[in-house]
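A look at the structure
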Amino acid sequence: GRSLGGAVAVDLAAETGAKGLIVESSFASIPAMAKKMVPFMPHDRFIENKLDSLSRMKTYHDPLLMCHGDIDTVIPFEQGKAVFDACPGHHKTFLRLCGHNHNDPLPDDYFTALDNFYRNLKTQK
């Protein structure tokens, strides 16, 4: 899942399990993003579905590949890294996309990491 889709993917994977999870440039939760975008609003009162990836990731134990651009101006790098750090699994990889903004084309090192992730999934059967 990418961006908002990453939060949906984390939620589904945490609930139903997955053979592997790939998350690109996603956020910790809807309230965390709301606080970043509109810090003066009492956001918790208005948000029903929090898509709380930070909490949900704590229950995900299967293989994980996450990446996030370190100059992302839409979703802070720190939120993506925090979601990754919350994963208790042992088969996880975080790829810092250096000099990469939210909607930039994915660099070659991403595709190398993706290829390695898929290869490792095949060997972990």
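Shown above is the structure to which this text applies.
Residues numbered from 1 in each chain as written. Predicted model: local features only at pLDDT ≥ 70, side-chain atom pairs only at ≥ 80, totals over all residues. Heavy atoms only, no water.

Moving on to the overall build of the protein. Of the regular secondary structure elements, the protein holds 5 helices and 3 strands. Listing every helix and strand of the protein by position from the N terminus yields α-β-α-α-β-α-β-α. In summary, the protein has a C-alpha radius of gyration of 14 Å against a globular reference of 14 Å for 125 residues, a match within 12%. Based on the C-alpha atoms only, the size of the protein along its principal axes is roughly 50 × 35 × 20 Å. Here the protein holds 125 residues, and 42% of them are scored as buried. (Helix = DSSP H or I, 4+ residues; strand = E, 2+ residues; numbered from the N terminus. Rg over C-alpha atoms; globule rule 2.2 N^0.38 Å. Buried < 20%, exposed > 50% of the residue type's maximum accessible area, 1.4 Å probe, protein only.)

Here the focus is the packing of aromatic side chains. Overall, the coordinates contain 4 aromatic pairs when judged by the stated rule. Note on F77 and F94: the rings are 5.7 Å apart at their centroids and 80 degrees apart in plane angle, and the pair reads as edge-to-face. Of the two residues, F77 sits in helix α4 (residues 77-86) while F94 sits in strand β3 (residues 92-97), which places them 17 residues apart along the sequence. The pair F77 / F94 is uniform in exposure class, with both members buried. Ring centres of Y110 and F111 lie 5.2 Å apart, and the angle between their planes is 80 degrees; this geometry places the pair in the edge-to-face category. Members of the aromatic cluster, each reached through a chain of ring pairs, are F77, F84 and F94. Directly above the aromatic system of F94 lies the positively charged group of K81, at a separation of 5.4 Å from the ring centroid. (Phe/Tyr/Trp six-rings, centres within 6.5 Å; stacked < 30°, edge-to-face > 60°. Lys NZ or Arg CZ within 6 Å of the ring centre and 35° of its normal.)

So, on to helix α5 (residues 108-123). Because an α-helix completes one turn every 3.6 residues, residues spaced three or four positions apart along the sequence face the same direction. Here α5 spans 23 Å end to end across 16 residues, near enough to the 22 Å set by a 1.5 Å rise per residue. Elements in contact with the buried residues of α5: β1 (21-24), β2 (64-69) and β3. (Expected span 1.5 Å × (residues − 1). Contact = heavy atoms within 4.5 Å.)

Let us look at the environment of F111. Within the secondary structure layout, F111 lies in helix α5. Between the C-alpha atoms of F111 and L51, which are 60 residues apart in sequence, the distance is 27 Å.

Here we come to the pairing of β1. Residues L21 and V23 of β1 are buried on one face, and the alternating residues I22 and E24, pointing to the opposite face, are buried as well. As defined by bridge partners, β1 adjoins β2 across 4 bridges and the pair is classed as parallel. Directly across from I22, in β2, lies its bridge partner L65. (Pairing = 2+ DSSP bridges.)

Glancing now at the nonpolar core. L21, V23, M57, Y60, L64 and M66 are the most contacted members of the largest nonpolar core, which totals 16 residues. Of all the elements in the fold, those that place two or more residues in this core are α1 (4-16), β1, β2 and α4. Here this core gets 4 residues from one element, more than from any other, and that element is α4. Aside from chain neighbours lying at most four places away, what touches M66 is V23, M57, G80, V83, F84, T93, F94 and L95. With 9 residues, the next largest nonpolar core counts I22, C67, A113 and F117 among its residues. (Core = buried A, V, L, I, M, F, W, Y, C linked by side-chain atoms within 4.5 Å.)

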